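Residue strings, one per chain:
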Amino acid sequence: MVEKKKKKQMSRREILRVGSIGAAGLTLAACASTEAPTEAPAEATGAPEPTSPPPAGEKVALEVMALAEYEASYQELWNVF
């Protein structure tokens, strides 16, 4: 004779208990402190020197990444400028 194994069904309370324990564990893992940096951050330097704009009338190339479905719309917009 072959015995059938009974499948243990979880009650609603057990499901809630396991779920809440898992959520608490994830929360604690997310809030865990990371290792403190051993070196002090570099001191901030002054703002970079501004660059001069290109001479008037000179064309400037602008490259933009876009989704293929919007490419025609972007092309129309860039042609205006």
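In this text, all values refer to a predicted model and were calculated from it rather than measured experimentally. (Residues numbered from 1 in each chain as written. Predicted model: local features only at pLDDT ≥ 70, side-chain atom pairs only at ≥ 80, totals over all residues. Heavy atoms only, no water.)

## Remarks on the overall build of the chain
Logical step 1: In terms of helices and strands, the chain carries 2 helices and 0 strands.
Logical step 2: Expressed as a percentage of its 81 residues, the buried residues of the chain come to 0%.
Logical step 3: Accessible area of the chain: about 9200 Å², with a carbon and sulfur share of 59%. (Helix = DSSP H or I, 4+ residues; strand = E, 2+ residues; numbered from the N terminus. Buried < 20%, exposed > 50% of the residue type's maximum accessible area, 1.4 Å probe, protein only. Areas by Shrake-Rupley, 256 points an atom, 1.4 Å probe, with all protein chains shown as cover.)

## Brief notes about helix α1 (residues 12-31)
Two residues of an α-helix separated by three or four positions point the same way, owing to the 3.6 residues in each turn.
Logical step 1: Taking 1.5 Å per residue as the helical rise, α1 with its 20 residues ought to reach 28 Å, and the 28 Å between its terminal C-alpha atoms agrees with that figure.
Logical step 2: Counting buried residues in α1 gives 0 out of 20 residues, a small share hidden from the surface. (Expected span 1.5 Å × (residues − 1).)

## As for a nonpolar patch on the surface
Logical step 1: A cluster of nonpolar side chains, L62, L67, Y70, Y74, L77 and W78, forms an exposed patch at the surface whose accessible area comes to about 600 Å².
Logical step 2: With respect to the secondary-structure elements, L77 resides in helix α2 (residues 71-80). (Patch = residues over 30% accessible without salt bridge, like charges linked within 9 Å, V, L, I, M, F, W, Y side chains within 5 Å. Salt bridge = Lys/Arg side-chain N within 4 Å of Asp/Glu carboxyl O.)

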